[in-house]
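Fold and geometry: a report
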Amino acid sequence: MTENTTRAARPFARARAVPPWSLLAAGVAAGALLGGAYGVLTPRSYTATSYVIAVPADRSDTATAQGFAQAYGRVATQLAVLGDAQVWAGVPVNTLRESVRTETSPDAPMVAVSATSPHALQAADMANAVARSLTQHANDTKGDTHVELLQFSRALKPTAPTSASPKMTGLVGASAGGLLAGLVLLVRPRRHEDDHAPQASVPGPAVAADVHGQL
């Protein structure tokens, strides 16, 4: 065996010599440390949600209100609505476009307007501002749509962040680290029983004179 081959085999020998439990422990510890650090360094975020409901007026029905609720959910984040909402929210339109999301229900003519912000009160203000602007724009055309949009529930200041806590990110990191360590154990070279078995000596070539003497 050449010297280069011996050097190349040394890392695999070290990998086989590492106890499996120590590799798993190291992976879990490293993952927990990285996950906890991510949770500490990531800014907290808060989410507040306001609800508006579409109500059928004269010459309309619930199915029509349901259809318009789906449409209002799609236009809630358009510039026409956000342009008026920025005045009440006190933030630029781009901030509203990045922070506000809407969701509609297939079973009820309701639109949920959610806003996320590093500040709890600002999240509630943005959600209420967009819901208020959407309501006004919808009611400007209720004579044609025969559907009125009403505020069902105002967004309140959230009392707890919606972002993951350092404890949670640490647990996720520990699980991921343990999983990666387990995969490494599965693919690393395994120690065979015959690795330490004594090697049989191969006799060298006999000298011609010795062979002649035995004849």
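Structure: above.
The following refers to the structure shown. (Residues numbered from 1 in each chain as written. Predicted model: local features only at pLDDT ≥ 70, side-chain atom pairs only at ≥ 80, totals over all residues. Heavy atoms only, no water.)

1. Quick look at the overall build of the protein chain
Along its length, the protein chain carries nine helices and four strands. Along the protein chain, helices and strands appear, N-terminal first, in the series α-α-β-α-α-α-β-β-α-α-β-α-α. Within the protein chain, the fraction of its 215 residues that count as buried is 29%. Taking the contacts inside the protein chain whose residues are at least 6 apart along the sequence as the reference set, 79% of them involve residues at least 24 apart. As displayed, the protein chain offers around 14000 Å² of accessible surface, 61% of which is attributable to carbon and sulfur atoms. (Helix = DSSP H or I, 4+ residues; strand = E, 2+ residues; numbered from the N terminus. Buried < 20%, exposed > 50% of the residue type's maximum accessible area, 1.4 Å probe, protein only. Contact = heavy atoms within 4.5 Å. Areas by Shrake-Rupley, 256 points an atom, 1.4 Å probe, with all protein chains shown as cover.)

2. A closer look at the nonpolar core
In this structure, Leu-96, Val-130, Leu-134 and Leu-149 are the most contacted members of the largest nonpolar core, which totals 30 residues. The element contributing the most residues to this core is helix H6 (residues 120-139), with nine residues. Beyond its immediate sequence surroundings of up to four residues, Val-130 is in contact with Ala-76, Val-81, Leu-82, Ala-85, Leu-96, Val-100 and Val-113. (Core = buried A, V, L, I, M, F, W, Y, C linked by side-chain atoms within 4.5 Å.)

3. Brief notes about the pairing of strand E3 (residues 110-117)
Buried residues dominate E3, accounting for seven of its eight residues. The sheet contact formed by strand E1 (residues 46-56) and E3 spans eight bridges and is antiparallel. When the sheet's bridge partners are listed, Thr-47 is paired in E3 with Thr-116. (Pairing = 2+ DSSP bridges.)

4. With respect to the side chain of Thr-145
With respect to the helices, strands and loops of the structure, Thr-145 is situated in helix H7 (residues 142-145). Judged by relative accessible area, which is 13%, Thr-145 ranks as buried. Excluding residues that lie within four positions of it along the chain, Thr-145 makes contacts with Thr-64, Phe-68 and Tyr-72.

5. Topic: unusual backbone geometry
With a phi angle near 60°, His-146 is a residue other than glycine that sits in the positive phi range. Within the element layout of this structure, His-146 appears in the loop between H7 and strand E4 (147-153).

6. Examining the packing of helix H4 (residues 79-89) against H6
The interhelical angle for the contact between H4 and H6, taken along N-to-C directions, is 135°, at an axis separation of 8 Å. Our classification of the angle between H4 and H6 gives oblique. With respect to the hand of their crossing, H4 and H6 are arranged in right-handed fashion. Seen from H4, the contacting residues are Ala-80, Val-81, Leu-82, Asp-84, Ala-85, Trp-88 and Ala-89; seen from H6, they are Asp-125, Met-126, Ala-129, Val-130, Arg-132, Ser-133, Leu-134, Gln-136 and His-137. Looking at side-chain class alone, the contact of H4 with H6 contains ten nonpolar, three polar and three charged residues. (Axes fitted to C-alpha atoms, helices over the stretch in contact; angles between N-to-C directions. Parallel < 35°, antiparallel > 145°, perpendicular 65-115°, else oblique. Left-handed = near helix turned anticlockwise from the far one by under 90°. Nonpolar A, V, L, I, M, F, W, Y, C, P; charged D, E, K, R; others polar.)

7. Focus: helix H3 (residues 62-75)
Taking 1.5 Å of rise per residue, 14 residues should cover 20 Å, and H3 covers 20 Å from first to last C-alpha, within 8% of that figure. Ala-65, Gln-66, Ala-69, Tyr-72 and Gly-73 are the residues of H3 that are buried. End-on view of H3: buried residues confined to an arc of 120°, all on one side of the axis. Opposite the packed face of H3, turned more than 90 degrees from it, sit the exposed residues Ala-63 and Arg-74. Looking at the buried residues of H3, the elements they touch are E1, strand E2 (100-104), E3, H6, H7 and E4. (Expected span 1.5 Å × (residues − 1). Arc of directions from axis to C-beta.)

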